[in-house]
Amino acid sequence: MNVFAELQDRIGLILKGLIDNGQLPAGLDLSRFVVEPPRDPSHGDLATNAAMVYAKEAKPGFSSPRELATTLAYTLAGDPDVDQAEVAGPGFINIRLHPHVFADVLRASLSDDSYGRPAVRDERAVNVEYVSANPTGPMHVGHGRGAVFGDALANLLAFSGRKVTREYYINDAGAQVDVLARSAFLRYREALGESIGEIPEGLYPGDYLKPAGAALAKAHGAALRDKPEAEWLPLVRAFAIDAMMEMIRTDLAAMNIRHEVFFSERSLTQGDAGEDHVRAVIEDLRARGIVYVGHLAPPKGQLPDDWEDREQTLFRSTDFGDDVDRPLIKSDGGYTYFASDIAYHKSKVDRGFDDMIDVWGADHGGYVKRMQAAVKAVSGGRASLDVKLCQLVKLMRNGEPVTMSKRAGTFVTLRDVVDEVGVDAVRFMMLFRKNDATLEFDLAKVIEQSRENPVFYVQYAHARCKSVIRQAKAVFADLDTSAATLSTADFTLLTDEGEAGLAKMIAQFPRQIDAAAAAHEPHRVAFYLHDLASSLHSHWNRGKDQPHLRFVNEERRDLTSARVAMVSSLTRVFASGLGVLGVSAPDEMR
RNA sequence: GAUCCCAUAGCUCAGCUGGAUAGAGCAACUGCCUUCUAAGCAGUAGGUCACAGGUUCGAAUCCUGUUGGGAUCGCCA
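The rules behind the values
Residues numbered from 1 in each chain as written. Chains lettered and ligands numbered in written order. Predicted model: local features only at pLDDT ≥ 70, side-chain atom pairs only at ≥ 80, totals over all residues. Heavy atoms only, no water. Salt bridge = Lys/Arg side-chain N within 4 Å of Asp/Glu carboxyl O. Helix = DSSP H or I, 4+ residues; strand = E, 2+ residues; numbered from the N terminus. Buried < 20%, exposed > 50% of the residue type's maximum accessible area, 1.4 Å probe, protein only. Patch = residues over 30% accessible without salt bridge, like charges linked within 9 Å, V, L, I, M, F, W, Y side chains within 5 Å. Areas by Shrake-Rupley, 256 points an atom, 1.4 Å probe, with all protein chains shown as cover. Lys, Arg positive; Asp, Glu negative; His and termini not counted. Charge placed at Lys NZ, Arg CZ, Asp CG, Glu CD. Pairing = 2+ DSSP bridges. Near = heavy atom within 4 Å. Polar contact = N/O pair within 3.5 Å; in protein donor to acceptor, adjacent residues only side chain to side chain. Contact = heavy atoms within 4.5 Å. Axes fitted to C-alpha atoms, helices over the stretch in contact; angles between N-to-C directions. Parallel < 35°, antiparallel > 145°, perpendicular 65-115°, else oblique. Nonpolar A, V, L, I, M, F, W, Y, C, P; charged D, E, K, R; others polar. Domains from an automatic or database assignment. Phe/Tyr/Trp six-rings, centres within 6.5 Å; stacked < 30°, edge-to-face > 60°. Lys NZ or Arg CZ within 6 Å of the ring centre and 35° of its normal.

**Remarks on the pattern of salt bridges**
Applying the stated criterion across every chain yields a total of 39 salt bridges. The residue R10 makes a salt bridge to D79 at a minimum N-O spacing of 3.0 Å. With a gap of 69 residues between them, R10 in helix α1 (residues 3–20) and D79 in the loop between α3 (65–76) and β3 (82–88) connect regions that are remote in the sequence. What makes R10 partly exposed here is its relative accessible area of 22%. For D79, a relative accessible area of 14% puts it in the buried group. One salt bridge connects K210 with D207, and the closest N-O pair in it is separated by 3.8 Å. The class for K210 is partly exposed, based on a relative accessible area of 36%. For D207, a relative accessible area of 54% gives the class exposed. Look at the salt bridges and you will find they share partners, linking E6, R10, D79 and D81 into a network.

**Considering a negative patch on the surface**
Taken together, D305, D306, E308 and D309 make up a surface patch of like negative charges. Following the sequence through the fold, D305 ends up in the loop between β8 (291–295) and β9 (311–315). Taking the relative accessible area as the measure of exposure, D305 reaches 82% and is therefore exposed.

**Thoughts on the sheet that holds strand β14 (residues 400–401)**
In space, the three strands of this open sheet follow the order β14-β13-β15, with mixed pairing throughout. Each edge of the open sheet is held by one strand with a lone partner, namely β14 and β15 (439–442).

**A short note on the protein's contact with RNA strand B**
What surrounds RNA strand B is a group of 67 residues, the closest being R39, Y460, S467, Q471 and R550. The share of sugar and phosphate among atoms of RNA strand B within 4 Å of the protein is 55%. A distance of 2.8 Å separates a sugar or linking oxygen of RNA strand B from a polar atom in the side chain of N134. In this structure, a base oxygen belonging to RNA strand B sits 2.8 Å away from a side-chain N or O atom of R511. Breaking the surface near RNA strand B down by element, the ones donating at least two residues are β4 (92–97), α6 (175–191), α16 (454–475), α18 (497–519) and α19 (523–545). Sort the elements by how many residues they give to the surface near RNA strand B and α19 lands first, with eight residues.

**As for the environment of L76**
Its location among the elements puts L76 in helix α3. The class for L76 is buried, based on a relative accessible area of 1%. In sequence terms L76 and I95 are 19 residues apart; their C-alpha atoms lie 8.5 Å from each other. Discounting chain neighbours no more than four positions away, the residues touching L76 are L7, I11, I14, V82, A85, I93 and I95.

**Quick look at the packing of helix α14 (residues 423–431) against α16**
α16 packs onto α14 with a crossing angle of 110 degrees between their chain directions and a minimal axis gap of 9 Å. With respect to α16, the axis of α14 lies roughly perpendicular. In this structure, α14 contributes D424, A425, F428 and M429 to the contact, and α16 contributes P454, V455, V458 and Q459. Its residues assigned to classes, the contact of α14 with α16 comprises six nonpolar, one polar and one charged.

**Let's talk about the domain arrangement of chain A**
Much of the literature gives interface size as the accessible area that the parts lose upon coming together. Domain boundaries assigned for chain A yield domain 1 (3–97), domain 2 (175–253) and domain 3 (453–581). A straight line from the C-alpha centre of domain 2 to that of domain 3 covers 54 Å.

**Comments concerning the packing of aromatic side chains**
Using the criterion set out here, one finds 18 aromatic pairs in the structure. Where F315 meets F338, the ring centres are 5.7 Å apart and the plane angle is 65 degrees; that geometry is what we call edge-to-face. In this pair, F315 sits in strand β9 while F338 sits in helix α11 (residues 337–350), placing the two residues 23 residues apart along the sequence. Grouping residues by exposure puts F315 and F338 together as buried. A connected cluster of aromatic rings, assembled from ring pairs, spans F315, F320, Y337, F338, W360 and Y367. One cation-aromatic arrangement involves R316 over Y292; the distance from NZ or CZ to the ring centre is 4.1 Å. When the ring centre of F4 is taken as origin, the NZ or CZ atom of R511, which lies over that ring, is 4.8 Å away.

As structure tokens, then:
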């Protein structure tokens, strides 16, 4: 139950009535106005700008926004849920709802777990691709941000009804996995007892490859050692990639992140029957005139040292909104990463996804236009791709940047951070920020200074609610706190302004979910929960000076029932919201 | 040279897709624990929303330009 959406619908119907009467012109876009909580709560429960939005089109029939607003307000006042509708300022309509509406909201929130989900579900499939870290080593904190963001976004979309597939693209085809193979081979020789000395420049020096080397030694003995590279490389490469992916999967699992699909880049050029999907896409696009052979102008400004004018195979991305056409085939004859990526996204389209979201690091920002161009091209303009860029994470400790160097061994992995501060703190902190703003993550503050820490603030609010329910049961031993019974409580007893405020906040949950899902911005849920927690703590403390406001009142069983019902509703909203973020909602925090 | 992102209180950040008097937290100052968890609350102070134009009944929000910071710029991924 979303009171904002319902009022939006009703106002839409009123406008439609005016159109049918000829008082408003036909063809008005009825989705342009909004219904939102007014900035100043004394103005009412809801406000709409409808009259101002349509003032211009309403001109002949209504001479001013206020005149249209007056007509709308008059009709709205007849709605059984509306207590008062008045025109204010330049043409706002401030609406006060009957208290029974908020009682309905509380009952709805208690009835089942669907509270917060939209009434009309959009059940179309959506593919969310995130993490996709190269399988060449452990994930760092930057990967973690994309991982948490993508996971929460997937949760959010699933919560609002979408059919979500979580996908990971394994970059197992480039030169970097050959480097990985050579690095693992060195560790293999080491495991056989050879002294390998310093890891040569250009190979991965990390200790994390030692287990893979040891496992290779165990599986193959010395059999690989004296073979030429061409013979052992594919085998060692596949083995090392598996080992790295296993490590990555384990680290993701430690953050409660699980993907349904792991898609191998290599499988694009080497399908099960040896088919080459990249070539197929290129040929298809060539046949349609979207791929051609031509020259590219050198980039302006700083010219690369090794620039030479060359004829190459190009994708006509400028036809689809990109700045320049993009090469598909490298000078050595291999496919560019972009070529593979076109085939990859075509695979998503072929698998039925017209709606795709990719979560990338900010360093890939320059890649967005061409990928969107490619999606348009391979889907005939049908499919859409939204790319969410996650900005950098600045890792700090007590206000000092943590220096990271793989060579010096001071590299901090994502796993290190999770182990140090816990999953909940990592996830919440990464979501308590817009994805396109850089994030300062202070390891010390996140655990030490709990006052400064929004994670605990919100979790504490949930625990407090749970505590109230425990207290109520301690006082009224036979109090039935099941949702079914609490729904029958007398909500008209909740007359205090703090209680009303909490009910209004609860009523906003579905709206916040809607907005966050539509904008692909899970951080809005985190901020909403923080606000909700603030309202709860504030009301709670009023009970100090005014004991009659405490949730549990030993002399008033009926009142306690109604308040516990509201508190129970709060626990559900906190639990649902935190669930979307993938953060736990503890019953107590001792 | 081009593209993308960012610029809001001393610091870290929100600002609900253009609405009414711009909000939190931290830091500073003043209060509140014999009472449901003080990991909390109430209050004071702090702003030319980088700058200049434009669109609009109305702009922190949209457009153009400028400045500053970050990222990227045929064959890496």
